[in-house]
Amino acid sequence: MLNIQAVPAFNDNYIWFIQEQNSRKLLIVDPGDPKPVIEAIEQQQLNPVALLITHHHSDHIAGIKELVKHYDIPVYGPKYEAIPSLTYPLTACDDLKIDPAFSSLTVLDVPGHTSGHIAFLIEGNLFCGDTLFGAGCGRLLGGSAEQLHHSLQLIARLPEQTKIFCAHEYTQANLRFAIHVEPNNADIKQRMIDTDALVMNGKPSLPSLLELELKTNPFLRCQQPEIILASQQFSGQQLTSSAEVFTTLRSWKDQF
Ligand SMILES: [Zn+2]
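Here the residue index of a chain counts from 1 through its sequence in written order. Reporting in this predicted model follows two pLDDT cut-offs: at least 70 for local features of residues, and 80 or more for side-chain atom pairs to be given and counted; totals over whole chains, interfaces and linings ignore these cut-offs and use all residues.

Caption draft 1: The arrangement of the overall build of the protein in detail. The helix and strand inventory of the protein stands at nine helices and 14 strands. Computed over the C-alpha atoms, the radius of gyration of the protein is 18 Å, within 12% of the 18 Å expected from 2.2 N^0.38 for a compact globule of 256 residues. Burial status across the protein gives 45% buried among its 256 residues. Whether two residues are in contact is decided by their C-beta atoms, placed from the backbone, lying within 7 Å. Sequence separation of 24 or more characterises 56% of the internal contacts of the protein that already satisfy a separation of 6 or more. Strands here mean DSSP runs of E at least two residues long; helices mean DSSP runs of H or I at least four residues long; both are numbered from the N terminus. Two things to know: the radius of gyration comes from C-alpha atoms, and the globule rule equals 2.2 Å times the number of residues to the power 0.38. Exposure is read from a count of other C-beta atoms within 10 Å of each residue's own; the residue is exposed at 12 or fewer, buried at 20 or more and partly exposed in between. C-beta atoms are placed from the backbone.

See the structure below:
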């Protein structure tokens, strides 16, 4: 069993700490800021063993230099992106062993937000960086809509009980778009209520369950008739594939 905690950074980033229960060994995902990371490590007397990096944006990597200097630990990250101090360049693989204290990880190639973005899956917990968000997905900042659509479909095929650990607290804003696209979706309405309650109490809206994303995230619902219709109305065109619906939704959200 894993113990996973969110270390907030900047305005709305989460740096994820992964531990096995009853162990002080620590994996750190996307340390954009070294300061809260070092503070939390010292406060809890943890023993970092590796950094896991999903993509090259500075709010995910800017803490690497200082943390590597401080703890002398390896950096696991995407092979096809410029990651400082990268020790182990990764593309999709099963059975990545980092430390005997942890189960092996699966690495997924999930390009789209950036062209070389990867995600880490460990014991049914997905660390997906800026690929999938609560009720939304990343913007296109290097990859194509086709790539991101394909990557989200890959995630959608994971077991429904997979927990989704995104790198930003965007769920409330994303739900406002989701309900605009699907005004009759009762699951979205309920998720808005639940998310507002969490955020109002200062709690992360994450992780979410893939099962919930499949019911409420428009970017995973491109085959739903109501979403196809709404996207066609927005674009003024007949959309003949879910990739076209996805591309339309992504640009609609950019303007929303
Ligand atoms: Zn990013």
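That shown, we press on.
Caption draft 2: Spatial organisation of the packing of helix H4 (residues 145-156) against helix H9 (residues 242-255). Convention adopted: a line fitted to C-alpha atoms gives each axis, helices being fitted over their contacting stretch, and angles between N-to-C directions are expressed from 0 to 180 degrees. One can describe the packing of H4 onto H9 by two numbers: an axis separation of 9 Å at closest approach and a directional angle of 110 degrees. When the axis of H4 is compared with that of H9, the two are roughly perpendicular. Packed against H4, whose contacting residues are Ala145, Glu146 and His149, the element H9 presents Ala243, Phe246, Thr247 and Arg250 at the interface. Among the residues forming the contact of H4 with H9, the class breakdown is three nonpolar, two polar and two charged. For classification purposes, angles smaller than 35 degrees are called roughly parallel, those larger than 145 roughly antiparallel, those between 65 and 115 roughly perpendicular, and all remaining angles oblique. In the scheme used here, Gly and all other residues not listed as nonpolar or charged are polar, with Ala, Val, Leu, Ile, Met, Phe, Trp, Tyr, Cys and Pro taken as nonpolar and Asp, Glu, Lys and Arg as charged.

Caption draft 3: Highlighting the sheet that holds strand S4 (residues 47-52). Should DSSP find at least two bridges between two strands, the strands are taken to pair. Judged by pairing direction, the sheet is mixed, and its six strands sit side by side in the order S1-S2-S3-S4-S5-S6 without closing on themselves. Each end of this open sheet is capped by a strand with a single partner; those strands are strand S1 (2-9) and strand S6 (88-90). Strand-to-strand twist of the sheet, defined as the mean angle between neighbouring strand axes without regard to direction, takes the value 25 degrees. Inspection of the sheet shows strand S3 (residues 25-29) paired to S4 by five bridges, in the parallel sense. Residue pairing for S4: Ile28 is matched across the bridge by Leu51. Packed onto the sheet, helix H1 (residues 34-44) meets S1, strand S2 (13-20), S3 and S4 and runs at close to 135 degrees relative to S1.

Caption draft 4: Local environment of the nonpolar core. To define a nonpolar core, we join buried Ala, Val, Leu, Ile, Met, Phe, Trp, Tyr and Cys residues through C-beta atoms within 7 Å and take the resulting set. In this structure, Leu27, Ile28, Val29, Leu51, Leu52, Phe127 and Cys128 are the most contacted members of the largest nonpolar core, which totals 65 residues. Each residue touching Leu52, except ones within four places of it in the same chain, is listed here: Leu27, Ile28, Val29, Tyr76, Phe120 and Phe127.

Caption draft 5: Representation of helix H6 (residues 186-200) in the model. For a helix, the expected span equals 1.5 Å multiplied by the number of residues minus one. Given a rise of 1.5 Å per residue, 15 residues ought to cover 21 Å, and the 21 Å separating the end C-alpha atoms of H6 matches this to within 8%. Residues of H6 that are buried: Ile188, Arg191 and Thr195. Projected down its long axis, H6 carries its buried residues within an arc of 55 degrees, all on one side. Across H6 from its buried face, at more than 90 degrees, point the exposed residues Ala186, Ile193, Ala197 and Met200. Structurally, H6 contributes buried residues whose contacts are with helix H5 (171-181) and helix H7 (210-216). An arc is given here, and it is the one of the directions from the helix axis to the C-beta atoms.

Caption draft 6: How the structure looks around the pairing of S3. Across the five residues of S3, four count as buried, placing the element largely inside the fold. Judged from the three bridges that link them, S2 and S3 form a sheet pairing that is antiparallel. Residue pairing for S3: Trp16 is matched across the bridge by Val29. Counting the residues between successive antiparallel strands, the hairpin from S2 to S3 contains four residues, one of them, Asn22, with a positive phi of roughly 65 degrees. Assessed by its sense of winding, the connection that carries the chain from S3 through H1 to S4 is right-handed. Here is how to tell: hold the view so the strands point away, follow the path from the first strand over the helix to the second, and if it runs clockwise the crossover is right-handed.

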